[in-house]
Amino acid sequence: MNYLSTRGHPDRKRFCEILLEGLAPDGGLYLPEHYPQIDTATLARWRELPYAELAFEILSLYIDDIPPADLKAICAKTYTAEVFGSDEIVPLRELEDGVYLEALSNGPTLAFKDMAMQLLGNLFEYELARRGAELNILGATSGDTGSAAEYAMRGKKGVRVFMTSPDGRMSPFQQAQMFSLQDQNIHNIAISGVFDDCQDIVKAVSNDLGFKRKYRIGTVNSINWARLLAQVVYYFAGYFQATASNDKPVSFTVPSGNFGNVCAGHVARMMGLPIQTLVVATNENDVLDEFFRTGIYRVRAAADTHETSSPSMDISKASNFERFVFDLVGRDAGKLRSLFVDELGRHGRFDLSADPAFGQAAERFGFKSSRSTHADRLATIRDTDRRFATLVDPHTADGLKAAREHLAPGVPMVVLETALPIKFAATLVEALGHEPARPARFEGIEALPKRVVKLPADAEAVKAYIAQNCD
Ligand SMILES: *Cc1c(COP(=O)(O)O)cnc(C)c1O
């Protein structure tokens, strides 16, 4: 399988070449040259497989530069009941007639990002050892991504993590999750500033090409194709659990921010998995809902990006969206470039409302959307607790609310559970008046010794810290 750039760069690359890269050289995102098609016989065979073997089958279609036995071992090592809490890995439960929750949040950091990041950690370790190379991952986090990356990379050979976060702005639980890690290859850097300052520092360091090369700086951000690919697997696993045979359609609702999770659903659907509808659920930061309703994609300024109670969906633009738009415009790289470089780059928006391609988003690609507010979130959390004795986190609540607006008779609706409620305890307390239960392994983590350095919001200070800790 070869990979191309959405913006038309002539080079084609193999999987392991793009594994450790971010954007393509022309600023585009990598996508496979085609989506492998799954026939009914294959689907029937896959239905019987345990999760790690299903992952191996799907990954094999996209990765042909890792020997199959090695890839199989990497999948087996990643998706274990020990790490993800059950043999199903992503167990499905019916909440009410036809509405299901697929649990993606029972990994080490209690959010769905573990599903992809745990695999990425093992792929990185494998590929770096094969090359005899090292990588220093520099990131910025306001919570979920940073902790998932740290738990995936802890103790891995050849990898160090330098994770910046805004000092004092993460929830106490999230801080404790990250700062209690004592592994020598994990470095927590609390920046006196806000999340945007952290992101600016990461950008400034990455733009210093000399420094970047000398210290082999890399990232694990959500545009990484390997992360997206890992997420394709649980759409298949969810489908098999929600149906008894492979002729039945299923719909999914996906709490969305950077469009990584739901883009994996799009890939699964393009491969031929019988997905009827993909519902994109947003919060008040409704860039995506606006697009699917109107055909206008309008990125927001920092000042217009709301801080909400589903903070992992607080985005101003959706960094994976370009992948879907590439398919939407018939994989026309010239058209894609004019939308993302000319229109978006110059005017901060593009308008497909009058373009026949926009009609395809719903009709051909199955996309629908909904938007939620803080009040909706609280109401959904209360209602789910009262009627089903089930606690959901604020992001999953956004999903449930959206799902109910797009139910179709006879078609199971699977809502992806993207985090456990304990990660966002303050909102649960606001809704219910009490704290959600905490898994035993996280009992008392706030009291553990913390491994963190505090630095000013200054890229030079961060560079000096990296240089000091790189040998
Ligand atoms: C990251 C995250 C999301 C958004 O996922 P995308 O892939 O960025 O769309 C939703 N919910 C939770 C809990 C997250 O951590």
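Below, the structure is looked at part by part. Only a predicted model underlies this, so the values are computations on that prediction, with no experimental measurement involved.

Some words on the sheet that holds strand S7 (residues 186-192)
The five strands lie next to each other as S8-S5-S6-S7-S15, forming an open sheet whose pairing is parallel. A strand with exactly one partner marks an edge of an open sheet, and here the two such strands are strand S8 (217-218) and strand S15 (453-456). Sheet analysis places strand S6 (residues 159-166) next to S7, joined by six bridges and oriented parallel. In the sheet register, Val161 faces S7, and the bridge partner there is Ile186.

Notes on the sheet that holds strand S3 (residues 92-96)
Picture the strands of a sheet paired through backbone hydrogen bonds; they go either parallel or antiparallel. With respect to topology, six strands assemble into an open sheet ordered S3-S4-S14-S9-S10-S13, the strand pairing being mixed. Each edge of the open sheet carries a strand with a single partner, namely S3 and strand S13 (367-371). For this sheet, the mean angle separating the axes of adjacent strands, direction not counted, is 25 degrees. The sheet contact formed by strand S4 (residues 99-103) and strand S14 (residues 413-417) spans five bridges and is parallel. Of the residues in S14, the one forming a bridge with Val99 is Met413.

Quick word on the pattern of salt bridges
Taken as a whole and assessed by the stated rule, the structure comprises 33 salt bridges. A salt bridge links Arg14 to Asp64; the nearest nitrogen and oxygen atoms lie 3.2 Å apart. Placement of the pair is Arg14 in the loop between strand S1 (3-5) and helix H1 (15-19) and Asp64 in the loop between helix H3 (51-60) and helix H4 (68-78), with a sequence separation of 50 residues. Look at Asp64 and you get partly exposed, because its relative accessible area is 41%. Here Asp183 ties to Arg154 by a salt bridge, and the two come within 3.1 Å at their closest N and O atoms. Placement of Asp183 in the loop between helix H8 (172-179) and S7 and of Arg154 in the loop between helix H7 (144-153) and S6 is noted, with a sequence separation of 29 residues between them. In this structure, a network of salt bridges that share partners links the residues Glu96, Asp383, Arg386, Arg387 and Arg404.

Analysis parameters
- Residues numbered from 1 in each chain as written.
- Predicted model: local features only at pLDDT ≥ 70, side-chain atom pairs only at ≥ 80, totals over all residues.
- Heavy atoms only, no water.
- Pairing = 2+ DSSP bridges.
- Helix = DSSP H or I, 4+ residues; strand = E, 2+ residues; numbered from the N terminus.
- Axes fitted to C-alpha atoms, helices over the stretch in contact; angles between N-to-C directions.
- Salt bridge = Lys/Arg side-chain N within 4 Å of Asp/Glu carboxyl O.
- Buried < 20%, exposed > 50% of the residue type's maximum accessible area, 1.4 Å probe, protein only.

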